[in-house]
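# Summary of the model geometry
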Amino acid sequence: MILLHRPKSQLLSLAGKSLALLVSGGGERKVRVAMASNGVSGLDMEKKSGGGGGVEDIYGEDSATEDQLVTPWTVSVARDGFGFRYSLVLKALYFIPEKDNTKKEKTYALHWIRLYPVADPHHNKGLAFTENERDAHYLRGLLPPAVLNRIFRYMAMMDLQERNERLFYKLLIDNVEELLPVVYTPTVGEACQKYGSIFRRPQGLYISLKEKGKILEVLKNWPERSIQVIVVTDGERILGLGDLGCQGMGIPVGKLSLYTALGGLRPSACLPVTIDVGTNNEQLLKDEFYIGLKQRRATGQEYADLLHEFMCAVKQNYGERVLIQFEDFANHNAFELLAKYSKTHLVFNDDIQGTASVVLAGLIASLKLVGGSLAEHTFLFLGAGEAGTGIAELIALEISKQTKAPLEETRKKIWLVDSKGLIVHSRMESLQHFKKPWAHDHEPIRALLDAVKSIKPTVLIGSSGVGKTFTKEVVEAMTSFNKKPLILALSNPTSQSECTAEEAYTWSKGRAIFASGSPFDPVEYNGKLFVPGQANNAYIFPGFGLGLIMSGAIRVHDDMLLAASEALAAQVTQENYDKGLIYPPFCNIRKISAHIAANVAAKAYQLGLASRLPRPEHLVKYAESCMYSPVYRSYR
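Nothing here was measured: the structure is a model prediction, and the numbers come from that model. (Residues numbered from 1 in each chain as written. Predicted model: local features only at pLDDT ≥ 70, side-chain atom pairs only at ≥ 80, totals over all residues. Heavy atoms only, no water.)

## A short note on the pattern of salt bridges
- Across all of its chains, the model carries 20 salt bridges by this definition.
- A salt bridge links Asp351 to Arg237, with the nearest nitrogen and oxygen atoms 3.4 Å apart. Pair noted here: Asp351 is in helix α13 (residues 350-370) and Arg237 is in the loop between β7 (229-233) and α9 (250-263), with a separation of 114 residues, a long-range link.
- For Asp351, a relative accessible area of 8% corresponds to the buried category. (Salt bridge = Lys/Arg side-chain N within 4 Å of Asp/Glu carboxyl O. Helix = DSSP H or I, 4+ residues; strand = E, 2+ residues; numbered from the N terminus. Buried < 20%, exposed > 50% of the residue type's maximum accessible area, 1.4 Å probe, protein only.)

Below you can see the structure in the form of structure tokens.
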């Protein structure tokens, strides 16, 4: 503690020549300055009890006059290397009695105070301060203990979408690689789980059993009339998270955001729909904040009648060419709906067809790294649901197209493992109908590891929705008979991935070609940096939908899916291959979507399924010209 006798003007100059404080009055004052070694001083201030009780008016605020400063008085005079501001604080303290208890003087304290980032809007980032930052900048206790995670970013993005739609899409388009995991997988899964808590306002149509017989009227309640694409879910199988009921609305909302940002469809032409037939999720049924029907799921004819009314109402209200994308329906409904309505409506199931197309694109691209043709490879799947059987069927179709071999023959290169083990002919009677084409002659095998050792696949694909199933032993077995094993861990969200990128690269000693459904960070192994690819459906469905809409397609054909896969594979450059990537970077997604749309539209015209005539001469340029651009318009 140092006692200085200086005029106030000289004292203030100690803070730096740039500081100018107008201090009324003159003369000498005794000033106590406490300067800590780190340059930030503390203030030695005792609490004095006033006559009326409580703490005395130590800052002189109650007794201040026009000629006397009201303190504390702070002026920003410096910034440190981190950009944090410091303020000079001149505080009028209490009168200090001298030894004879008769003479009193006003005492001032001059010291520096760091303006903590939480109090400075220039630097405040709220709960996003990391644990280390909270320690380094004295923020412990000033913030709640939670550290900002992706769900907070998701909520911030959704708030922005509600406030300023064009700015939302501009931000998403310009920062797609960073924000895609925020607005869609893996964050959207958590958002759906908490949808009742974070619900702000409706972002789509909710059609429940209460609306049976009135669905056409409900569709007419939606303010937009020129709808081109509908994404619909019943919430029964949300990602790998199961039955989330009405809270599955996050999926259609997220998908359609990507239709606009990545595929260029106008936001006003997109309609998210959730069909609420109840939920079998006991936790949701007991949750007072659950926003859906609190009843067990309707099934059978009641379910089928509601869906049929919806499909007919959509066609009646929006016409023949509106694209209806089924999303996250349970297996038993997904296949039936796709089979039933693919002959009468323009329908697309992203879980079955979109996943298949993006995986096939990765396989086609990977041939430049692993060698051979598709027909020369053997494929083993863990998971025989919508995604697994959809991918398998599209691979078989592509091999059949390339080799002219019958589809029944090309399927024999593809093996599937479900929860009961390898799908073999001896299980035929108990298999669901969509698994039966994959029942081959082989002895029953229960464990995945045993299936790997017996089948000796060159490609291992996970679509099980069960995390940590590609164990060290499985990856090592794949590596033992493949120079470059191709491992695709496709299940979402990240927690459900069959293995991580680090595990795949480490256990294969850096030899694996790896891609996943959810994003993983690059991995360094033995001094080499490996960049994992992401087999994300967002590569396919935005461009695929754009191609259907710009050609006026009235039906989806399997050849269109093959065309989309080939277009995506063609966008992988040698620079990407050099990094071990089998997918192009997302930063070029709009260009990629334009090429996919052009290929799909070309196939629609070739098959006679396009209704928008005449055919544009340059389909890629036409696709780019059709894309929505989020620029501000001028108003008169």
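## Notes on the sheet that holds strand β11 (residues 379-382)
- Strand order in the open sheet formed by 7 strands is β13-β12-β11-β14-β15-β16-β19, and the pairing between neighbours is mixed. A single partner strand is all that each edge strand has here, and the edge strands are β13 (421-422) and β19 (533-534).
- With 4 bridges connecting them, strand β14 (residues 459-462) and strand β15 (residues 486-489) associate as parallel partners. Counterpart to Ile461 in the pairing with β15 is Leu488. (Pairing = 2+ DSSP bridges.)

## Regarding the UniProt feature "active site" (unreviewed entry) in the chain
- Under the UniProt annotation, the feature "active site" (unreviewed entry) is placed at Tyr184 and Lys255. On the basis of their most widely separated C-alpha atoms, the annotated residues across 72 residues gather in one place, lying no more than 7.5 Å apart.
- Relative to the helices and strands, Tyr184 resides in the loop between α5 (176-183) and α6 (187-193).
- When residues no more than four places from it in sequence are discounted, the contact partners of Tyr184 are Ile251, Gly254, Lys255, Leu258 and Glu327. (UniProt positions renumbered as here; feature names shortened; annotations may be inferred. Contact = heavy atoms within 4.5 Å.)

## Quick look at the side chain of Asp276
- With respect to the element layout, Asp276 can be found in strand β8 (residues 270-276).
- Here Asp276 is buried and forms no salt bridge, its nearest opposite-charge partner Arg297 lying at an N-O distance of 6.5 Å.
- There is a polar contact of 3.0 Å between the side chain of Asp276 and the backbone nitrogen of Gly278.
- Those residues in contact with Asp276 that lie beyond four places of it in its chain are Ile207, Ser208, Leu209, Cys246, Gly292 and Leu293. (Lys, Arg positive; Asp, Glu negative; His and termini not counted. Polar contact = N/O pair within 3.5 Å; in protein donor to acceptor, adjacent residues only side chain to side chain.)

## Let's talk about the nonpolar core
- Judged by nonpolar contacts, the single largest core of 110 residues is most densely connected at Ile395 and Phe544.
- Sort the elements by how many residues they give to this core and helix α22 (residues 589-606) lands first, with 10 residues.
- Ignoring any residue separated from it by four or fewer positions in sequence, one finds Phe544 in contact with Phe348, Val556, Met560, Leu561, Ala564, Ile596 and Val600. (Core = buried A, V, L, I, M, F, W, Y, C linked by side-chain atoms within 4.5 Å.)

## As for a positive patch on the surface
- A contiguous patch of positive charge, built from Lys472, Lys483, Lys484, Lys509, Arg511 and Lys528, is present on the exposed surface.
- Turning to its location among the elements, Lys472 is positioned in helix α17 (residues 472-480).
- Residue classification places Lys472 among the partly exposed residues on the basis of a relative accessible area of 39%. (Patch = residues over 30% accessible without salt bridge, like charges linked within 9 Å, V, L, I, M, F, W, Y side chains within 5 Å. Areas by Shrake-Rupley, 256 points an atom, 1.4 Å probe, with all protein chains shown as cover. Charge placed at Lys NZ, Arg CZ, Asp CG, Glu CD.)

## Points about the environment of Gly196
- Along the polypeptide, Gly196 turns up in helix α7 (residues 195-198).
- Overall, the relative accessible area of 16% leaves Gly196 in the buried class.
- Gly196 sits 96 residues away from Gly292 along the chain, and the two C-alpha atoms are 8.9 Å apart.
- Those residues within four positions of Gly196 in sequence are excluded, and the remaining contacts are Gln247, Phe289 and Ile291.

## Concerning the packing of aromatic side chains
- Applying the stated criterion across every chain yields a total of 11 aromatic pairs.
- An angle of 90° between the planes, with centres 5.6 Å apart, marks the rings of Phe326 and Phe329 as edge-to-face. Grouping residues by exposure puts Phe326 and Phe329 together as buried.
- Chaining the aromatic ring pairs together yields one cluster made of Tyr505, Phe514, Phe520 and Phe530.
- Directly above the aromatic system of Trp438 lies the positively charged group of Arg411, at a separation of 5.6 Å from the ring centroid. (Phe/Tyr/Trp six-rings, centres within 6.5 Å; stacked < 30°, edge-to-face > 60°. Lys NZ or Arg CZ within 6 Å of the ring centre and 35° of its normal.)

## So, the environment of Gln161
- Relative to the assigned elements, Gln161 resides in helix α3 (residues 150-163).
- Linking Gln161 and Ser257, residues 96 residues apart in sequence, is a C-alpha distance of 9.4 Å.
- Once residues within four sequence positions are removed from consideration, Gln161 is found in contact with Phe168, Tyr169, Gln203 and Ser257.
- Within polar-contact distance, the side chain of Gln161 engages the side chain of Ser257 at 3.5 Å.

## Re the sheet that holds strand β6 (residues 205-208)
- Pairing within the open sheet is parallel, and its 5 strands lie in the order β6-β8-β7-β9-β10. Each having just a single partner strand, β6 and β10 (347-349) make up the two edges of the open sheet. Within the sheet, the average angular offset between the axes of one strand and its neighbour, ignoring direction, is 25°.
- Where β7 and β8 come together, 5 bridges link them in parallel fashion. Residue pairing across strands places Val232 opposite Val273, the latter belonging to β8.
- Here α9 sits on the sheet and contacts β7, β8 and β9 (323-326); the angle it forms with β8, its principal contact strand, is near 165°.
- This element, helix α11 (residues 300-318), spans β6, β7, β8, β9 and β10 of the sheet and lies at about 160° to β8. (Axes fitted to C-alpha atoms, helices over the stretch in contact; angles between N-to-C directions.)

## A few points about helix α12 (residues 331-341)
- For α12, the set of buried residues is Asn333, Ala334, Phe335, Leu337, Leu338 and Tyr341.
- Residues of α12 that are buried in the fold lie against α11, β9, β10, α13 and α14 (386-403).

## Quick notes on unusual backbone geometry
- The peptide bond linking Thr185 to Pro186 adopts the cis configuration, its omega dihedral lying at 5°.
- Position of Pro186 relative to the elements: it lies in the loop between α5 and α6.
- The peptide bond linking Leu613 to Pro614 adopts the cis configuration, its omega dihedral lying at -5°.
- Its location among the elements puts Pro614 in the loop between α22 and α23 (619-626).
- A positive phi angle, near 60°, is found at Lys468, a position not held by glycine.
- Relative to the helices and strands, Lys468 resides in the loop between β14 and α17.
- Despite not being glycine, Asn526 shows a phi value in the positive range, around 50°.

## Describing α5
- In terms of burial, α5 is a largely internal element, 6 of the 8 residues being buried.
- By the burial criterion, the buried members of α5 are Val176, Leu179, Leu180, Pro181, Val182 and Val183.
- Residues of α5 that are buried in the fold lie against α3, α4 (165-174), α6, α9 and α22.

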